[in-house]
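Understanding the architecture of this molecule
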Amino acid sequence: MQKIRKAVFPVAGLGTRFLPATKAMPKEMLPVVDRPLIQYVVEEAREAGIEHFIFVTGRNKSVIEDHFDRQFELELTLAERGKKSDLELLGRDLPGPGTTSFTRQQTPLGLGHAVWCARELVGHEPFALLLPDVLVQAKKGCLAQMIEAYLAIGEAANLIAVEEIAPDLAHMYGVVGVGKRKKQAFEITTMVEKPPRGTAPSNRIITGRYILQPEIFDMLAAQERGAGGEIQITDAMIRLSQRQPFYGLEFEGRTFDCGSKLGFLSANVAYALARDDIAPDFRAELKRLTGER
Ligand code: G1P
């Protein structure tokens, strides 16, 4: 089994749902408590053993590249002021030299097209794909759970993180059909991107974490448009599923769809409540705000 060494982060989206906040700032830099969204997802990948981080960016996204670089001026000032713990924090979050790559999606043609833009950087090996809109709060990171399940399956397959959702929300996501169990995962029988209301094959949705075989790039090369007139990763997976197995993993953890305002606000509350340094005061403040005693 080939090791999963590389992860792709599509960060080219326009973030129109968060305007005007995202007019001059990438949505991936919106903070949950005190870290930008993208950093949580990169951490999840690093914890899972990923060695190379590939970002597919676009115009107005260069601040993401700066975020994963050193900031000498800031470091110097912190050192001069004796702010040791802040300095340590910055150092801890920094990817090693040469472990990040950035490429641009020149035209916003959809998620599938963004992933295809990473083909030269990924090369011919299986890779992880993480959508930074989705945060998964879990004891063991979602991608780490997936890599474990992938190794247990023991064949060159594709694996998608899935979760149950209220059926009336399924039309907003990619949805999978559920087949036979294999180890902790199940066979995916069918996939559909944003099915019209009432037509979804199940209430299990694609959550934004994938382990894909490199042949996905051959499927994406066809550049066929799908839901919303965009080149969809789900459509490429449907084509690849005629040649390779696809499995779904129901991981442990709580998901926040930070592409929506409600999900983003909930993530801020949940992540703050999970922080020992903030939770006690924050819990009291929440009670005060909601009128609870
Ligand atoms: C994308 C995928 C979809 C998946 C979703 C998870 O959709 O195309 O299959 O369910 O992410 O958040 P998007 O949110 O980009 O519309």
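The sections below set out a description of the structure shown in this document.

1. A look at the overall build of the protein
- Regarding its fold elements, the protein presents 11 helices and 13 strands.
- Whereas a compact globule of 293 residues would reach a radius of gyration of roughly 19 Å, the protein reaches 20 Å, a difference of no more than 12%.
- Residues classed as buried in the protein amount to 48% of the 293 residues present.
- A separation of at least 24 residues holds for 75% of the contacts in the protein among residues at least 6 apart in sequence.
- Carbon together with sulfur atoms contributes 51% to the accessible area of the protein, which is approximately 15,000 Å² in total.
- Distance from the positive charge centre (37 side chains) to the negative charge centre (38 side chains) of the protein: 2 Å.

2. Overview of the side chain of Ser-202
- Here Ser-202 shows up in the loop between β10 (185-193) and β11 (204-212).
- According to the relative accessible area criterion, Ser-202 is buried, its value standing at 19%.
- Here Ser-202 is in contact with Val-175, Val-176 and Val-178, once residues within four sequence places are set aside.

3. A few points about unusual backbone geometry
- Cis rather than trans, the peptide bond between Leu-19 and Pro-20 has omega equal to 5°.
- For Pro-20, the position within the fold is in the loop between β1 (6-10) and β2 (31-32).
- The phi dihedral of Asn-60 falls on the positive side, at around 65°, and the residue is not glycine.
- The topology assignment puts Asn-60 in the loop between β4 (52-57) and α2 (62-67).
- Phi angles above zero are rare outside glycine, and Lys-194 is one such case at about 45°.
- When you line up the elements, Lys-194 lands in the loop between β10 and β11.

4. Quick word on the site of the ligand
- In the region of the ligand, the neighbouring residues are Leu-111, Leu-131, Val-134, Tyr-173, Gly-174, Glu-193, Lys-194, Ile-206, Tyr-210, Gln-232 and Thr-234.
- Between the ligand and Glu-193 there is a distance of 2.7 Å, counted from an oxygen atom to a side-chain nitrogen or oxygen.
- Its free accessible area being 380 Å², the ligand has 82% of it covered by the protein chains.
- Class assignment for the residues of the shell around the ligand results in 6 nonpolar, 3 polar and 2 charged.

5. Section: the pattern of salt bridges
- In this structure the tally under the stated criterion is 19 salt bridges.
- Measuring nitrogen to oxygen at the nearest pair gives 2.8 Å for the salt bridge that ties Glu-125 to Arg-5. Here Glu-125, found in the loop between α6 (119-122) and β6 (127-130), pairs with Arg-5, found in the segment before β1; they are 120 residues apart in sequence, far enough to count as distant.
- Assessed through its relative accessible area of 9%, Glu-125 is described here as buried.
- Overall, Arg-5 belongs to the partly exposed group, its relative accessible area being 32%.

6. Notes on the side chain of Asn-268
- Note that Asn-268 resides in helix α10 (residues 261-273).
- For Asn-268, a relative accessible area of 19% gives the class buried.

7. Things to note about helix α1 (residues 37-47)
- The element α1 is largely enclosed, with a buried count of 9 among its 11 residues.
- When α1 is considered as a whole, its buried residues turn out to be Leu-37, Ile-38, Gln-39, Tyr-40, Val-41, Val-42, Glu-43, Glu-44 and Ala-45.
- Looking one or two places after α1, you find Gly-49, whose phi comes out positive at around 100°.

The rules behind the values
Residues numbered from 1 in each chain as written. Predicted model: local features only at pLDDT ≥ 70, side-chain atom pairs only at ≥ 80, totals over all residues. Heavy atoms only, no water. Helix = DSSP H or I, 4+ residues; strand = E, 2+ residues; numbered from the N terminus. Rg over C-alpha atoms; globule rule 2.2 N^0.38 Å. Buried < 20%, exposed > 50% of the residue type's maximum accessible area, 1.4 Å probe, protein only. Contact = heavy atoms within 4.5 Å. Areas by Shrake-Rupley, 256 points an atom, 1.4 Å probe, with all protein chains shown as cover. Lys, Arg positive; Asp, Glu negative; His and termini not counted. Charge placed at Lys NZ, Arg CZ, Asp CG, Glu CD. Near = heavy atom within 4 Å. Polar contact = N/O pair within 3.5 Å; in protein donor to acceptor, adjacent residues only side chain to side chain. Nonpolar A, V, L, I, M, F, W, Y, C, P; charged D, E, K, R; others polar. Salt bridge = Lys/Arg side-chain N within 4 Å of Asp/Glu carboxyl O.

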